[in-house]
Protein chains: 2
Amino acid sequence: VKRSSVGHFPCSVARTLDVVGEWWTPLILRDVFYGARRFEQILGDLGVSRNILTDRLNTLVDNEILQRRRYSDRPPRYEYRLTDRGSELLPVLLALMEWGDKWLPDGGYAVAVHKPCGHRVHGALLCEECGAVPSREVRFRPGPGAPAPPGTPAATQGV
Amino acid sequence: VKRSSVGHFPCSVARTLDVVGEWWTPLILRDVFYGARRFEQILGDLGVSRNILTDRLNTLVDNEILQRRRYSDRPPRYEYRLTDRGSELLPVLLALMEWGDKWLPDGGYAVAVHKPCGHRVHGALLCEECGAVPSREVRFRPGPGAPAPPGTPAATQGV
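Reading the values: the criteria
Residues numbered from 1 in each chain as written. Chains lettered and ligands numbered in written order. Predicted model: local features only at pLDDT ≥ 70, side-chain atom pairs only at ≥ 80, totals over all residues. Heavy atoms only, no water. Helix = DSSP H or I, 4+ residues; strand = E, 2+ residues; numbered from the N terminus. Buried < 20%, exposed > 50% of the residue type's maximum accessible area, 1.4 Å probe, protein only. Contact = heavy atoms within 4.5 Å. Areas by Shrake-Rupley, 256 points an atom, 1.4 Å probe, with all protein chains shown as cover. 1 Å grid on protein atoms, 1.4 Å probe; cavity = no way out; pocket = protein on both sides within 12 Å on 5 of 7 lines; lining within 4 Å. Points joined across faces, edges and corners; volume = space filled by probe spheres on them. Nonpolar A, V, L, I, M, F, W, Y, C, P; charged D, E, K, R; others polar. Least-squares fit on C-alpha atoms with pLDDT ≥ 70 in both. Polar contact = N/O pair within 3.5 Å; in protein donor to acceptor, adjacent residues only side chain to side chain. Buried area = accessible area lost by both parts, 1.4 Å probe. Salt bridge = Lys/Arg side-chain N within 4 Å of Asp/Glu carboxyl O. pLDDT = per-residue confidence, 0-100. Phe/Tyr/Trp six-rings, centres within 6.5 Å; stacked < 30°, edge-to-face > 60°. Lys NZ or Arg CZ within 6 Å of the ring centre and 35° of its normal.

1. Observations regarding the overall build of chain A
Scanning chain A from N- to C-terminus turns up seven helices and six strands. The order of helices and strands in chain A, counted from the N terminus, is α-α-α-α-β-β-α-α-β-β-β-β-α. Each of the 159 residues in chain A was classed as buried or not, and the buried ones make up 51%. Put simply, of all contacts in chain A between residues at least 6 apart along the chain, 33% involve residues at least 24 apart. For chain A, the exposed area adds up to about 7,300 Å²; of that, 48% sits on carbon and sulfur atoms.

2. Observations concerning the layout of surface pockets
Each pocket or cavity is described by its volume, and for the second largest pocket that value is around 620 Å³. Pro-91 and Ala-124 of chain A together with Ala-95, Gly-123 and Ala-124 of chain B are, among the 29 residues lining the second largest pocket, the residues nearest its centre. Of all elements in the fold, only helix 6 (90–103) and strand 4 (120–127) of chain A together with helix 6 (90–103) and strand 4 (120–127) of chain B reach the threshold of two or more residues within the lining of the second largest pocket. Considering each element in turn, the lining of the second largest pocket owes the most residues, eight residues, to helix 6 of chain B. Looking at side-chain class alone, the lining of the second largest pocket contains 18 nonpolar, four polar and seven charged residues.

3. Side note on the relation of the copies chain B and chain A
Mapping chain B onto chain A leaves a residual RMSD of 0.0 Å; the transformation is a rotation of 180° accompanied by 0.0 Å of translation along its axis. One copy is carried onto the other by what is essentially a two-fold rotation axis. Most of the interface of chain B is mirrored in chain A: 100% of its interface residues are interface residues there too.

4. Comments concerning empty space enclosed by the protein
The rolling of a water-molecule-sized probe over the atoms marks out the regions of remaining empty space. For the coordinates displayed, the defined rule picks out one cavity of 30 Å³ or more. Every element with two or more residues in the lining of the largest cavity is listed here: helix 1 (12–20), helix 2 (25–34) and helix 6 of chain A together with helix 1 (12–20), helix 2 (25–34) and helix 6 of chain B. Among the residues forming the lining of the largest cavity, the class breakdown is 18 nonpolar, two polar and one charged.

5. Examining unusual backbone geometry
Residue and element names in this part refer to chain A. With an omega dihedral of 0°, the bond running from Arg-74 to Pro-75 counts as a cis peptide bond. With respect to the element layout, Pro-75 can be found in the loop between strand 1 (66–72) and strand 2 (77–82). The backbone of Glu-64 shows a phi angle near 60°, a positive value even though the residue is not glycine. Locating Glu-64 in the fold gives a position in the loop between helix 4 (50–62) and strand 1.

6. Here we look at the side chain of Ser-12 of chain A
With respect to the helices, strands and loops of the structure, Ser-12 of chain A is situated in helix 1. With a relative accessible area of 2%, Ser-12 of chain A lands in the buried category. Within polar-contact distance, the side chain of Ser-12 of chain A engages the side chain of Arg-15 of chain A at 3.0 Å. Side-chain polar atoms of Ser-12 of chain A contact the side chain of Asp-101 of chain B, separated by 2.4 Å. Excluding residues that lie within four positions of it along the chain, Ser-12 of chain A makes contacts with Leu-96, Met-97, Gly-100 and Asp-101 of chain B.

7. Points about the interface of chain B and chain A
If you look at the interface, chain B gives 91 residues, while chain A gives 92 residues. Summing both partners gives a buried area of about 9,500 Å² for chain B against chain A, and 67% of it is carried by carbon and sulfur. Of all residues in chain B, Trp-23, Tyr-34 and Phe-140 of chain B give up the largest surface area on contact with chain A, accounting jointly for 10% of the area buried on that side. Where chain B touches chain A, the interface holds two salt bridges. In this structure, the salt-bridge partner of Lys-102 of chain A is Glu-88 of chain B, at a minimum N-O distance of 3.0 Å. At the boundary of chain B and chain A, one finds 33 residue pairs in polar contact (both at pLDDT 80 or more).

8. Notes on the pattern of salt bridges
For the structure on display, the rule yields 18 salt bridges over all chains. Between Asp-45 of chain A and Arg-30 of chain A there is a salt bridge, and its shortest N-O distance comes to 3.2 Å. In this pair, Asp-45 of chain A is assigned in helix 3 (residues 39–46) and Arg-30 of chain A in helix 2, connecting sequence segments 15 residues apart. Note that Arg-56 of chain B and Glu-22 of chain B form a salt bridge whose closest N and O atoms lie 3.7 Å from each other. Taken together, the residues Arg-56 of chain B in helix 4 (residues 50–62) and Glu-22 of chain B in the loop between helix 1 and helix 2 connect sequence positions 34 residues apart.

9. Observations concerning the confidence of the model for chain A
Residues and elements named next belong to chain A. On average, residues of chain A carry a pLDDT of 85, and 82% of them reach 70 or more. Element-level mean pLDDT values for chain A span from 44 in helix 7 (residues 153–157) up to 97 in strand 4. Both scores are available for the predicted complex, with the pTM at 0.86 and the ipTM at 0.86.

10. Description of the packing of aromatic side chains
Taken as a whole, this structure holds four aromatic pairs over all chains when the rule is applied. Over the face of the ring belonging to Tyr-71 of chain B we find Arg-38 of chain B, whose NZ or CZ atom lies 3.7 Å from the ring centre.

Here's what the structure looks like:
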């Protein structure tokens, strides 16, 4: 079953999901942020089929999230590295991880670290006026000066 | 095609995706963070089938991310509100939105605002030692005192 594409919706959440929201893709990115670079490493970690992993990696390369580099000529072997664009997906993965750590806790866990100093890194929500704020005080609204996205509740209901 | 479940993996990213990673679910949550509460509002916004929307909302209620409340008895009608657990998914949605705003820009856009003061809210990565840091300086590692998750590259390769 092919999911419906919502990449044309006037919404950055939908467009981003169209690139990284396919099943397995966030877990592939998690492995790369964890240090995995090679096809066989990711394959062994996820237990996914070769065909699916190949498909997902190709999509990530086509979208310039990963860069493919040959590291062996005979046999030809490739590794995958994050582009700048790919690196900036880390907040998505970290937000998923921190929510799971809090609300679906289990034994094994990972942490995010600042590579230059080795200390832990946490996600935060920063208000331009108040500094760090909790999630329950934050909501989405149409942007200033922007037309409200057509069909959204905020546009049609004035919520 | 039923996707494989990875909810048993010792990884908070995988467990979280098992709850909120099904196709349509992040967009349903986006609508709720935007102010939509009623079935028909979300239905009209997403253009999803009634069956799928019902299924996804039931999953979100079963996992205590949304709370279902009857607002009309005749006919019976329900609205959906975020629980505390659900509200804390906002950083996931905001991270998806901010990545899309930067790397897949399009006309329509939304912003996150701090409800008490109305100012904009942005996602940030805060190092315990250095303060705000960029994504490219952050990676995942096994947690201090925790066994490395079995099968991860970091555990088997010492990356």
